[in-house]
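Results of the structural survey
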Amino acid sequence: MDLEGKVSLVTGGSRGIGRACCGSLADGGSAIAVNYQRNKDAAAEVVAELKAKGGRARAFQADISDEAQTNIMIEQIMSEFGQVDVVVNNAGITRDRSFLKMTRDQWHSVLLVNLDGPFNVISALLPQMCDRKWGRIINISSIVAQMGNFGQANYAVAKGGMIAFTKSLAREVALKGVTVNAVAPGFIETDMTAAVPKESLDMVRKMTPMGRLGKPEEVGRAVRFLAAPEASFITGQVININGGLYM
Ligand SMILES: NC(=O)c1ccc[n+]([C@@H]2O[C@H](COP(=O)([O-])OP(=O)(O)OC[C@H]3O[C@@H](n4cnc5c(N)ncnc54)[C@H](OP(=O)(O)O)[C@@H]3O)[C@@H](O)[C@H]2O)c1
């Protein structure tokens, strides 16, 4: 159990990729703080599932784009678990629209959750990681940061910003025992892609060398690897998990 004794916070851990990350990190022996925004039942289900497998887990509600809510959540997590060793910045939203029609609100709301959210979480947790000279920050970016996508200028900016943030922060904290990496999933079967029109997903399958969408667990396993001691010399990197869609 390579993560025995560690505590992991997964933002947006109630569904999709975040849920798979909770599962894979718990399989490694980590205790899990499952963050969610609205979906209390889904978060409770994840916690029950992890506990049924013998793990330690608790759900924590907070809109991570809100600094005050995030700080309260971090206080609750610290009082429950005493430390956070691994942070997976996974919570994210899309507000797709071609740029000519995109409203300022659609632009800002995506940046607020996908970029300010990780800022709020990392600012609150980084000092204790640096003090204890061990930490893993894993940011869930996207293939869209690398390729761009029609109707997703706001999302591409946020996910591209996340990669730039990953590389800069990795340089700042490398000597403090904290690694910072990103994963860039391609198209993965979750509620987020369920909202994409079928014809578009068929086109993605056709363009993907592996001929299919990815599964949340395929991202979760890479996240567990980045969190594990085996990844101790990996920092500032972007791991692509996309079936070959972008090389
Ligand atoms: N699916 C893909 O193909 C794909 C590809 C590349 C990257 N990604 C990225 O991977 C991450 C997860 O995607 P997904 O497909 O698993 O998404 P999803 O199924 O839509 O789940 C999103 C999760 O984020 C949480 N969330 C949303 N806004 C939040 C906020 N303000 N504060 C706290 N939690 C919030 C949701 O909580 P509730 O359950 O409470 O609503 C939910 O747990 C996102 O960052 C996404 O951009 C996804």
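To start, this report covers the structure provided alongside it. (Residues numbered from 1 in each chain as written. Predicted model: local features only at pLDDT ≥ 70, side-chain atom pairs only at ≥ 80, totals over all residues. Heavy atoms only, no water.)

A look at the pairing of strand 1 (residues 7-10)
Under the convention used in this document: Relative accessibility thresholds used throughout: buried, under 20% of the residue-type maximum; exposed, over 50%; partly exposed, between the two (1.4 Å probe, protein chains only). Runs of E in the DSSP output that reach at least two residues are strands. Runs of H or I that reach at least four are helices, and both are numbered from the N terminus. Strand pairing is assigned whenever DSSP identifies at least 2 bridges connecting the two strands. We call a crossover right-handed when, viewed with both strands directed away from the observer, the connection leading from the first strand over the helix to the second proceeds clockwise.
Every second residue of strand 1 is oriented toward a common face, with Val7 and Leu9 on one face and Ser8 and Val10 on the other, all of them buried. Pairing analysis gives 4 bridges linking strand 1 to strand 2 (residues 31-36), with the strands arranged parallel. When the bridges of strand 2 are listed, Val7 appears paired with Ala31. What joins strand 1 to strand 2 is helix 1 (residues 16-27), and the crossover it makes is right-handed. Here strand 1 pairs with strand 4 (residues 86-89) via 3 bridges, running parallel. Residue pairing for strand 4: Ser8 is matched across the bridge by Val86.

Considering helix 4 (residues 104-132)
Because an α-helix completes one turn every 3.6 residues, residues spaced three or four positions apart along the sequence face the same direction. Heads up, the rule is: A helix's residues, less one, multiplied by 1.5 Å, set its expected span. Note that the bend at a residue is defined as the angle between axes fitted to the seven residues ending at it and the seven residues starting at it.
With 29 residues, helix 4 extends 41 Å from end C-alpha to end C-alpha; this agrees with the ideal 42 Å at 1.5 Å per step. Along its length, helix 4 shows its largest kink, about 40 degrees, at Leu125, and proline Pro127 lies within four residues downstream of that point. Looking one or two residues beyond helix 4, the residue adopting positive phi is Lys133, at roughly 60 degrees.

A look at the packing of aromatic side chains
Cut-off, in case you're wondering: Classification of ring pairs rests on two measures: the distance between centres of Phe, Tyr or Trp rings, Trp counted by its six-membered ring, which must be within 6.5 Å, and the angle between planes, read as stacked under 30 degrees, edge-to-face over 60 and tilted in between. Consider the ring centre and the ring normal. A charge sits over the ring if Lys NZ or Arg CZ is within 6 Å of that centre and within 35 degrees of that normal.
In the structure shown here, the tally under the stated rule is 2 aromatic pairs. Centre to centre, the rings of Phe99 and Trp107 are 6.2 Å apart; their planes meet at 75 degrees, and the pair counts as edge-to-face. The side chain of Lys6 reaches across the aromatic face of Trp134, ending 3.9 Å from its centre.

Re unusual backbone geometry
Not every positive phi belongs to a glycine, and Lys133 is a case in point at roughly 60 degrees. Overall, Lys133 belongs to the exposed group, its relative accessible area being 53%.

Some thoughts on the side chain of Asn242
Just so we agree on the cut-off: Pairs of N or O atoms within 3.5 Å make up the polar contacts considered here, provided that, within protein, one atom can donate a hydrogen while the other can accept it, and that residues adjacent in sequence are counted only when both atoms are side-chain atoms.
Secondary-structure assignment places Asn242 in the segment after strand 7 (238-241). Within the structure, Asn242 has its side chain in polar contact with the backbone nitrogen of Gly244 (distance 2.8 Å).

Observations concerning the nonpolar core
Selection rule: Grouping buried Ala, Val, Leu, Ile, Met, Phe, Trp, Tyr and Cys residues that are joined through side-chain atoms within 4.5 Å yields what is termed a nonpolar core. Pairs of residues are marked as contacts when any of their non-hydrogen atoms sit within 4.5 Å.
Membership of the largest hydrophobic core comes to 27 residues, with the highest contact counts inside it found for Leu25, Ile32, Val34, Leu50, Val88 and Val223. Secondary-structure elements contributing two or more residues to this core are helix 1, strand 2, helix 2 (40-52), strand 4, strand 5 (135-140) and helix 9 (216-227). Setting aside residues up to four positions removed in sequence, Ile32 forms contacts with Ser8, Cys22, Leu25, Ala26, Leu50, Arg56, Ala57, Arg58 and Phe81. Listed in part, the 26 residues of the second largest apolar core include Ala33, Ala62, Val121 and Val178.

Some words on the side chain of Asn90
Tracing the sequence through the fold places Asn90 in the loop between strand 4 and helix 4. There is a polar contact of 3.0 Å between the side chain of Asn90 and the backbone oxygen of Gly12. In this structure, Asn90 is in contact with Val10, Thr11, Gly12, Ile17, Gly18 and Ile140, ignoring residues within four places of it in sequence.

A look at the packing of helix 4 against helix 6 (residues 153-173)
We apply this condition: Every angle, taken between N-to-C directions, lies between 0 and 180 degrees, and every axis is a line fitted to C-alpha atoms, over only the stretch in contact when it is a helix. By the definition adopted for this analysis, an angle is roughly parallel if under 35 degrees, roughly antiparallel if over 145, roughly perpendicular if from 65 to 115, and oblique otherwise. By the definition used in this description, the sense in which the near helix is turned from the far one sets the handedness, with an anticlockwise turn below a right angle giving left-handed and a clockwise turn giving right-handed. Each residue gets one of three labels, nonpolar for Ala, Val, Leu, Ile, Met, Phe, Trp, Tyr, Cys and Pro, charged for Asp, Glu, Lys and Arg, and polar for the others, Gly among them.
Contact geometry for helix 4 and helix 6: axes closest at 8 Å, N-to-C directions at 15 degrees. What the angle tells us is that helix 4 and helix 6 run roughly parallel. Crossing angle aside, the handedness with which helix 4 passes helix 6 is right-handed. Along its contact with helix 4, which presents Gln106, Trp107, Val110, Leu111, Asn114, Leu115, Pro118, Ile122, Leu126 and Cys130, the element helix 6 presents Ala153, Asn154, Tyr155, Val157, Ala158, Lys159, Gly161, Met162, Phe165, Leu169 and Val173. Across the contact of helix 4 with helix 6, the residue classes break down as 16 nonpolar, 4 polar and 1 charged.

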